[in-house]
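Structure at a glance
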Amino acid sequence: MLASQLQLHYLSAVLHQTNRKDAPTTNTSKFPHLFPITYSLHLHPHPYQPQALQNQDTATNLHNEDNILRTHNAQSTALLLRHLSPQEQQNSHSPPPEKQENQPLLHRESKERQLEISLVNKRAPQFPGSIYANASSPPAKSSSKSEKSEYDDGMLMKALEIRRKVTVEIFKDAMRKGKFGITYINNLASRLSDFIDYVMIQAASMKQLPEFSKSSYNIRAEAFIADSNVVALIRWLKHNSLSYPQIGRLICTSRGNIDSIRRLAEWLKLIHVKGRFIGVALTRTRENILERSLEELDEIVDYLEDNGLRRDWMGYVISRCPEILSFNMEEVKFRTEFYLNMGMDRDDFGTMLFDCPKVFGYLSVEEMNQKVAYLKEFGLNNEDVGRLLAFKPQLMICSIEDRWNPLVKYFYYLGISKDGMRRILNMKPMVFCVDLEKTIVPKVQFLRDIGVQEDAIGRVLARFPSLLTYSLYKKIRPVVIFLLTKAGVSQQNIGKVIALGPEVLGCSIVNKLDHNVKYFLSLGIPLPVLGGMVADFPMLLCYNIDVLRPKYRYLRRVMVRPLQDLIEFPRFFSYSLDERIIPRHKIMVENRINFKLRYMLASTDEEFNTRVDAAVRRCRRFEAGIMYEQPLDGQDDEVVQNNAM
């Protein structure tokens, strides 16, 4: 830069001296070291200048050598002379008479500017990162103010980009001093664009400080990064399982308030937020949580704790739904009262938040009201909805348009009434949260394939909604295969078994079905006969052996009934031994009568007493010699006097 200024000074002096015709002649022997300059001018006269004028200029230049410093060489002088056009030279020395008055002479500053342009056009960038990329030069005089403004903006953007790259390298150097890996440094630096700009602004403002008034930009940037303790904070956040995208986002959103990140992270630890969920809680809030005071956050936590959310559950809830921390206190109270007003007590409210924290902070108030109104259309009142949400809060985060409407239409297509849907909601509300096409439709098609009648599918689903939540290939199909191969059920009856007792699909093969099959076979029942019994009463395989064994012993040892009675009426095991079987058997013994198991058990108490009275009257008439009357209800004349009893 200094060399270029000296060159301009010298060339300006040369032009100034050549325009003076009355300059005195000076002996060149006084300045032998300047002879190459004057000699260069002598060897390179202007091609359009008269010979006399050239001789006069040469003499003038030699006379004023004492005022010229050796600041340029002959090659640069020749470059200047070649740059000046013949027309411009002609106009500068011999202008036409009519234009000479209107065309002023070029000032010294204009000539210097023109010389500067001629030199810059031929120069390469002087230092790494020069804004004159590809040896491009600034315009001498813009044709308009807009072009000059665009050029200035472009240069400014290039300069800022260079400064930004320098700042990034300074930050990377500070990270390398903190013993971070190269890959981690590069990945993190790529996500800190806002923080890098903030460092640039602060480093530029530090120029006004007395201690940094004479410091370079690099020194100021290094000092600011060191004072901000950002490297130590990054290491601490990384130690607390935060990923570099989370760290980058936190530092950028802090807006220079780096200490607020550590302060809020320590507060999250106090409410039992652990591990990587600290970063989730800090980055997923709807607003900048770093700007909130700890007093506001403590007020929210205390209010939720007073309404049933346990302190040790607080971290889990905040980790899964950090949007709660972005609410103000009025909104927190409104959302809490929304659920408590549906008959939900405080313990249920706390359990609901623990099971599904998104029901509190994920939805808008409008969406919450819409979903509650939709559930009430199935005939549920406000308290029923409250109990339902306390049991399965995941319903609230399901979409009405994407989940509920298609499912309700499909249930109507299967013949399930609104009462059946209400039963499904009460028994298995998770059905309204599963995917229709991937979960429910394949199971319905499987029921059709095994022979369940079309009009019975809806009843099966309404009776046993859990069927829709089981795995088709891990649960339902293995049970069907077991019934066909191990339980003696025929291919023709498998659909009947599932239609009459879909609960059998929910039984464990190893812990329930296999044990029951082996128990009945041990009683002497053949496998095909057992398959028929299962087809008539599928729930036979669903009872515990501890329930089956006492009933069978009472049937065989006290009632003295044959095994064939059990084969004909396998539903015998469904009745209570103490409340139905023993009391009715005692009544029959006292009246010395006997019924088949079907007539003994499969009736109400009123019907049973009526049947007993009729049987007693027939027995008395038989003993008195009166003709036997027609049995009631078509029962066969097994009711006989049993004197042995």
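Residues numbered from 1 in each chain as written. Predicted model: local features only at pLDDT ≥ 70, side-chain atom pairs only at ≥ 80, totals over all residues. Heavy atoms only, no water.

**Let's talk about the overall build of the chain**
- Each helix and strand in the chain was counted, giving 35 helices and 0 strands.
- Every one of the 645 residues in the chain was classed for burial, and the buried ones make up 42%.
- Pairs at least 24 apart in sequence give 71% of the contacts found in the chain among residues at least 6 apart.
- Put simply, the chain shows about 35,400 Å² of open surface, and 52% of that area lies on carbon and sulfur atoms. (Helix = DSSP H or I, 4+ residues; strand = E, 2+ residues; numbered from the N terminus. Buried < 20%, exposed > 50% of the residue type's maximum accessible area, 1.4 Å probe, protein only. Contact = heavy atoms within 4.5 Å. Areas by Shrake-Rupley, 256 points an atom, 1.4 Å probe, with all protein chains shown as cover.)

**Considerations on the packing of helix H25 (residues 436-449) against helix H27 (residues 472-485)**
- In contact at an axis separation of 12 Å, H25 and H27 are set at 10° when each is read in the N-to-C sense. Classed by the angle they form, the pair H25 and H27 counts as roughly parallel. At the point where H25 passes H27, the crossing takes the right-handed sense. For the pair formed by H25 and H27, the contact residues are Pro442, Lys443 and Phe446 on the first element and Leu472, Ile476, Arg477 and Val480 on the second.
- Grouping the constituent residues of the contact of H25 with H27 by class yields 5 nonpolar, no polar and 2 charged. (Axes fitted to C-alpha atoms, helices over the stretch in contact; angles between N-to-C directions. Parallel < 35°, antiparallel > 145°, perpendicular 65-115°, else oblique. Left-handed = near helix turned anticlockwise from the far one by under 90°. Nonpolar A, V, L, I, M, F, W, Y, C, P; charged D, E, K, R; others polar.)

**Section: empty space enclosed by the protein**
- Tallied over the entire structure, the rule returns 4 cavities of 30 Å³ or more.
- Here the largest cavity defines a volume of roughly 60 Å³.
- As for the largest cavity, its lining consists of Asp565, Glu568, Phe569, Lys596, Leu597 and Arg598.
- Secondary structure elements with two or more residues in the lining of the largest cavity: helix H32 (563-568) and helix H34 (597-601).
- For the lining of the largest cavity, a count of residues per class yields 2 nonpolar, no polar and 4 charged. (1 Å grid on protein atoms, 1.4 Å probe; cavity = no way out; pocket = protein on both sides within 12 Å on 5 of 7 lines; lining within 4 Å. Points joined across faces, edges and corners; volume = space filled by probe spheres on them.)

**Notes on the packing of H25 against helix H26 (residues 454-463)**
- Packing of H25 against H26 brings their axes to within 10 Å, and their N-to-C directions diverge by 130°. Between H25 and H26, the crossing angle belongs to the class labelled oblique. By crossing handedness, the relation of H25 to H26 is classed as right-handed. Across from Val444, Leu447 and Arg448 in H25, the residues of H26 making contact are Glu454, Ile457, Val460 and Leu461.
- Looking at side-chain class alone, the contact of H25 with H26 contains 5 nonpolar, no polar and 2 charged residues.

**Description of the side chain of Asn240**
- With respect to the helices and strands, the residue Asn240 is situated in the loop between helix H12 (230-239) and helix H13 (244-253).
- For Asn240, a relative accessible area of 9% puts it in the buried group.
- Asn240 has contacts with Lys269, Gly275, Arg276 and Ile278, leaving out every residue within four places of it along the chain.

**Quick notes on the packing of aromatic side chains**
- The final tally for this structure, using the stated rule, is 21 aromatic pairs.
- Ring centres of Tyr184 and Tyr244 lie 6.3 Å apart, and the angle between their planes is 80°; on these two criteria the pair is classed as edge-to-face. Here Tyr184, found in helix H9 (residues 182-189), pairs with Tyr244, found in helix H13; they are 60 residues apart in sequence, far enough to count as distant.
- For Tyr244, a relative accessible area of 27% gives the class partly exposed.
- With a centroid separation of 5.8 Å and 75° between ring planes, the pair formed by Phe378 and Phe432 is classed as edge-to-face. With Phe378 in the loop between helix H21 (365-376) and helix H22 (382-391) and Phe432 in the loop between helix H24 (418-427) and H25, the pair connects residues that are 54 residues apart, well separated along the chain. Like Phe432, Phe378 is buried.
- The ring of Phe277 has Arg320 lying over it, and the distance from NZ or CZ to the ring centre is 4.3 Å.
- The ring of Phe391 carries the charged tip of Lys392 above its face, separated from the ring centre by 6.0 Å. (Phe/Tyr/Trp six-rings, centres within 6.5 Å; stacked < 30°, edge-to-face > 60°. Lys NZ or Arg CZ within 6 Å of the ring centre and 35° of its normal.)

**Some remarks on H22**
- Turning to H22, its buried residues are Val385, Gly386, Leu388, Leu389 and Ala390.
- The opening residue of H22 is Asn381, an N-cap whose side-chain oxygen sits 3.3 Å from the backbone nitrogen of Glu383. (Polar contact = N/O pair within 3.5 Å; in protein donor to acceptor, adjacent residues only side chain to side chain.)

**Concerning H9**
- Along H9, the residues classified as buried are Tyr184, Ile185, Leu188 and Ala189. One face of H9 carries all of its buried residues, which in axial projection span an arc of 125°. Residues of H9 that are exposed and point more than 90 degrees away from the buried face comprise Ile182 and Thr183. (Arc of directions from axis to C-beta.)

**Points about the nonpolar core**
- In terms of nonpolar packing, the biggest core is built from 171 residues, with Phe171, Ile234, Leu268, Tyr339, Phe411, Phe432 and Leu483 touching the most fellow members.
- Beyond its immediate chain neighbours, meaning those up to four positions away, Phe432 contacts Phe378, Leu395, Cys398, Arg403, Trp404, Leu407, Val408, Phe411, Met421, Ile424 and Leu425. (Core = buried A, V, L, I, M, F, W, Y, C linked by side-chain atoms within 4.5 Å.)

**Here's the deal with the environment of Val589**
- By the element assignment, Val589 lies in helix H33 (residues 577-590).
- A residue is classified by how much of its surface remains accessible, and Val589, at 30% relative accessible area, is partly exposed.
- Residues Val589 and Met559, 30 residues apart in the sequence, show an inter-C-alpha distance of 9.5 Å.

**Description of unusual backbone geometry**
- In this structure, Val560 takes a positive phi of about 55° despite not being glycine.
- Val560 gets classed as exposed once you look at its relative accessible area, which sits at 62%.
- The residue Arg592 is not glycine, and still its phi comes out positive at about 55°.
- Residue placement: Arg592 occurs in the loop between H33 and H34.
- Exposure remark for Arg592: the relative accessible area of 37% places this residue in the partly exposed category.

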